[in-house]
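Residue-level structural notes
The residues making up each chain are set out below.
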Amino acid sequence: MTNTLKAAFLGAGYIAKIHSKNLLKITGIEISSVCDIKRERAEDLVSSIGANSIKIYTDFEKMLNECNFDMLFICLPPFAHSGQLEAAVEKGVHVFIEKPIALDVNRARNMVEAIKKAGVVSQVGYHMRFGEAVKKLKNLIDSGIAGIPVLFDGRYECNSLHSSWWRDYTKSGGQVFEQVIHLYDLSMYFLNEPESICGFTTNLCHKDVPDYTVEDNSVSIIKFRTGGLGNIAATNCAVPMEWNAIFTVVCQNITAYFRDANNAEFIYTSKDPVERESVTSSIDMYFEEVKAFIQAVRGDGPALCTIEEGYKSLCMVDAVVKSSERGGKVVKLSC
């Protein structure tokens, strides 16, 4: 590997623009190529970052065979994953992949095995893990100061028709798969491995939208292997043009109320009298996650939020959907 790391992009939509711009803020990074089935979308990404030397493709296999790059950023919608990751890592390419990593847990398991076999660095795009308040609580839990994490209470709220593929259950997997998975990931991040889940999903506000086949409300209860519990509710019937993810984490010695991943109130309940601390930050979580990935690729830091983590969170949301299909029956997890 040369001192300059070369990156390629598969998918040139909104999130690819964010990641590409953040990449170029890091010294020693070059974007060599961009692939999207719509050439104009790839051209728009290249134009937005002002790098005319980037090669544009509409065929991923051709880009993989013709271009040399160290890293691949896979920014595809869930339904579009069809072996691109496996083909890239077989050539020794490190992979950053957006969530959810697949629609099917078997497909996701194949991705995990491919990464293990290739021995490359992987990271899944769970940017909320990189919020200042989230990192603080995680450190307090890992150090033992917070005590045992006992409860995760999360809620995701928005109100939007989103894109056409997002509204199609067969392409996005639904709101739980495509959006609320961030909260499921955080619940696992704080409370460790999930043991079982039961859930319900329903469509109440969009019955008259012809192409809307995903749920617009969901609830679940999670039991973790450590004995902790969680509940996560989500809706696409709330305030238009707002996307809010709020959550509370209760630990033996600390209760943390999160307004978002960067901002929270920490209450140290084991102290007498209790102490309150406000954590406020405007840190760019998208930049932080890309920076962490580059550090791991360069060997300057550990691999964070690996493909295995993406697989486990996918198993969680898959269990919510399966439980709902079975009338709320408890689903055991073996991921």
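So, here is what we can say about the structure in this document. (Residues numbered from 1 in each chain as written. Predicted model: local features only at pLDDT ≥ 70, side-chain atom pairs only at ≥ 80, totals over all residues. Heavy atoms only, no water.)

**A look at the state of the cysteines**
- Under the criterion given, the structure shown has two disulfides.
- Here Cys 205 connects covalently by a disulfide to Cys 237, the sulfurs 2.3 Å from one another. In this structure the cystine formed by Cys 205 and Cys 237 twists about its S-S bond by roughly 125°; its chirality is therefore right-handed. Here Cys 205, found in the loop between β8 (194-202) and β9 (217-224), pairs with Cys 237, found in the loop between β10 (229-235) and β11 (244-251); they are 32 residues apart in sequence, far enough to count as distant.
- Residue Cys 205 is classed as partly exposed on the basis of its relative accessible area of 46%.
- Each sulfur of the disulfide joining Cys 315 and Cys 335 lies 1.7 Å from the other. Looking along the S-S bond of the Cys 315-Cys 335 disulfide, the torsion reads about -85°, which is the left-handed sense. Note that Cys 315 is positioned in helix α10 (residues 307-325) and Cys 335 in the segment after β15 (331-332), a separation of 20 residues in sequence. (Disulfide = S-S within 2.5 Å. Helix = DSSP H or I, 4+ residues; strand = E, 2+ residues; numbered from the N terminus. Buried < 20%, exposed > 50% of the residue type's maximum accessible area, 1.4 Å probe, protein only.)

**Topic: the pairing of β11**
- Relative to β11, strand β7 (residues 149-157) runs antiparallel, the two being bridged by eight bridges. Each residue of the ladder has a partner; that of Arg 155, found in β11, is Ile 246.
- Linkage of β11 to strand β12 (residues 254-258), two consecutive antiparallel strands, is achieved through a turn of two residues. (Pairing = 2+ DSSP bridges.)

**Things to note about the sheet that holds strand β6 (residues 122-124)**
- In spatial order, the strands read β3-β2-β1-β4-β5-β6; together these six strands make up an open sheet with parallel pairing. Each end of this open sheet is capped by a strand with a single partner; those strands are β3 (55-57) and β6. Each strand axis lies, on average, 20° off the axis of its neighbour in the sheet, ignoring direction.
- Of the pairings in the sheet, the one linking strand β4 (residues 71-74) to strand β5 (residues 94-97) comprises four bridges and is parallel in character. Within β5, the position partnered with Phe 73 by the bridge is Phe 96. (Axes fitted to C-alpha atoms, helices over the stretch in contact; angles between N-to-C directions.)

**A look at the sheet that holds strand β14 (residues 275-279)**
- The strand order across the open sheet built from nine strands is β14-β13-β12-β11-β7-β10-β9-β8-β15, with neighbouring strands paired in mixed fashion. Edge positions in the sheet fall to β14 and β15, since each of these pairs with one other strand and no more.
- Lying over the sheet, helix α8 (residues 175-191) contacts β7, β8, β9, β10, β11 and β12, oriented at roughly 160° with respect to β7. (Contact = heavy atoms within 4.5 Å.)

**Some details on the packing of helix α1 (residues 14-23) against helix α9 (residues 285-297)**
- Following both chains from N to C, one finds α1 and α9 inclined at 60°, their axes separated by 9 Å at the closest point. In this view, α1 runs oblique relative to α9, as classed from their interaxial angle. Read as a crossing pair, α1 and α9 show a hand that is right-handed. Judged by residue contacts, Ile 15, Ile 18, His 19, Asn 22 and Leu 23 of α1 engage Tyr 286, Phe 287, Glu 289, Val 290 and Ile 294 from α9.
- By residue class, the composition of the contact of α1 with α9 is seven nonpolar, two polar and one charged. (Parallel < 35°, antiparallel > 145°, perpendicular 65-115°, else oblique. Left-handed = near helix turned anticlockwise from the far one by under 90°. Nonpolar A, V, L, I, M, F, W, Y, C, P; charged D, E, K, R; others polar.)

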